[in-house]
Amino acid sequence: STFLAAAPPLGAGYGAARAGRLMLGVTLVAGVAGLVATGLLLDRVFRGNAKPALLAGFALMSACVYALRFPAVTGNPVVLEPVLVAAGFGVQFALPAIYYFIAHAYPPAMAGKMTGLWTGMGASGGVLGVYLAGVTVRSRNSYDVTFTVQAVVALAAFLLTFLLMEAGGRRGGRAATSE
């Protein structure tokens, strides 16, 4: 992250090498753990209901990104590293749950289209978000607005998860069963 590398007062001041290690080493490893955990929890704990995994992932993302606004978090590696671990875990915890939801909530003929639509919208939002974050940081000389907007978007996703319901008796990513 450029925020971690940039010198204060704009960024956290870790320099490029340390920021790269934090983002790749800490966040990436946590992300892989999040992927594995999602698969296990969706099947064994949540019994095919994707909603709790989505809620957990979006809540972690929102809280962790917002926490990056505070020097008490970013200025102390002992605090920062667990926040980055939780953020990486949260992002990768939510993403497979979204695809799990789609695969179980839509008929096979439509699941591929929905996956493509979701992926396209996510990628477009990601590109637009990076561009707008750059414009905002440059114009305000601060990352505060970008962190707040990212946290609000994750919070909105968290709240929208409560609305997940599919016609035909399918709810929360779990296909209806006939008993």
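A brief report on the enclosed structure follows. Just so it is clear, the model here is predicted, and its values are computed rather than measured.

### Notes on the overall build of the protein chain
Point 1. Assigned secondary structure in the protein chain consists of seven helices and two strands.
Point 2. Here the C-alpha coordinates of the protein chain stretch approximately 60 × 30 × 25 Å along the principal axes.
Point 3. Residue burial in the protein chain is summarised as follows: out of 179 residues, 35% are buried.
Point 4. Counting only contacts in the protein chain whose residues sit at least 6 apart along the sequence, the fraction spanning at least 24 positions is 66%.
Point 5. Accessible surface, the protein chain as shown: approximately 10100 Å² in total, 71% of it carbon and sulfur.
Point 6. Taking the 12 positively charged and 5 negatively charged side chains of the protein chain as two groups, their mean positions are separated by 5 Å.

### Points about the nonpolar core
Point 1. Ranked by internal contacts, the top residues of the largest apolar core, which has 20 residues, are Leu4, Leu22 and Leu80.
Point 2. Of all the secondary structure elements, the ones that give two or more residues to this core are helix H1 (2-5), helix H2 (15-45), helix H3 (51-67) and helix H5 (77-105).
Point 3. By residue number, the principal contributor to this core is H5, which donates five residues.
Point 4. Apart from residues no more than four positions distant in its own chain, leucine 4 is found in contact with Ala12, Gly13, Tyr14, Gly15, Ala19, Leu22, Met23, Leu80 and Leu84.

### Some words on the packing of aromatic side chains
Point 1. If you walk through the whole model with that rule in mind, you get four aromatic pairs.
Point 2. Taking 4.9 Å as the distance between ring centres and 90° as the angle between the ring planes, the aromatic pair formed by phenylalanine 3 and phenylalanine 147 counts as edge-to-face. Of this pair, phenylalanine 3 sits in helix H1 while phenylalanine 147 sits in helix H7 (residues 144-161), placing them 144 residues apart in sequence.
Point 3. In this structure phenylalanine 3 comes out as buried when scored by relative accessible area, which is 7%.
Point 4. Between tyrosine 143 and phenylalanine 147, the ring centres sit 5.8 Å apart and the planes meet at 25°, which makes this aromatic pair stacked.
Point 5. Phenylalanine 147 gets classed as buried once you look at its relative accessible area, which sits at 6%.
Point 6. Aromatic ring contacts, followed pair by pair, group Phe3, Tyr143 and Phe147 into a single cluster.

What counts, and where the lines are drawn
Here the residue numbers are simple positions, counted from 1 along each chain's written sequence. Local features in this predicted model are restricted to residues of pLDDT 70 or higher, and side-chain atom pairs are both shown and tallied only at a pLDDT of 80 or more, whereas totals for entire chains, interfaces and linings draw on every residue. Side-chain calculation: all heavy atoms of the structure are included, whereas hydrogens and water are not. Under the DSSP-based scheme used, a helix requires at least four consecutive residues in state H or I and a strand at least two consecutive residues in state E, with every element numbered from the N terminus. Exposed residues in this analysis have more than 50% of their type's maximum accessible area, buried residues have under 20%, and partly exposed residues fall in between, with area computed by a 1.4 Å probe over protein chains only. The criterion used for residue contact is that any of the two residues' heavy atoms lie within 4.5 Å. Per-residue accessibility takes into account occlusion by the displayed protein chains alone, with areas from the Shrake-Rupley method and a 1.4 Å probe. Charge convention: Lys and Arg are scored as positive, Asp and Glu as negative, and His as well as the terminal groups of each chain are ignored. Lys charges are placed at NZ, Arg charges at CZ, Asp charges at CG and Glu charges at CD. Side-chain atoms within 4.5 Å are what join buried Ala, Val, Leu, Ile, Met, Phe, Trp, Tyr and Cys residues into a set we call a nonpolar core. Pairing of aromatic side chains here covers Phe, Tyr and the six-membered ring of Trp, requires ring centres within 6.5 Å, and sorts the geometry by plane angle: under 30 degrees stacked, over 60 edge-to-face, intermediate tilted.

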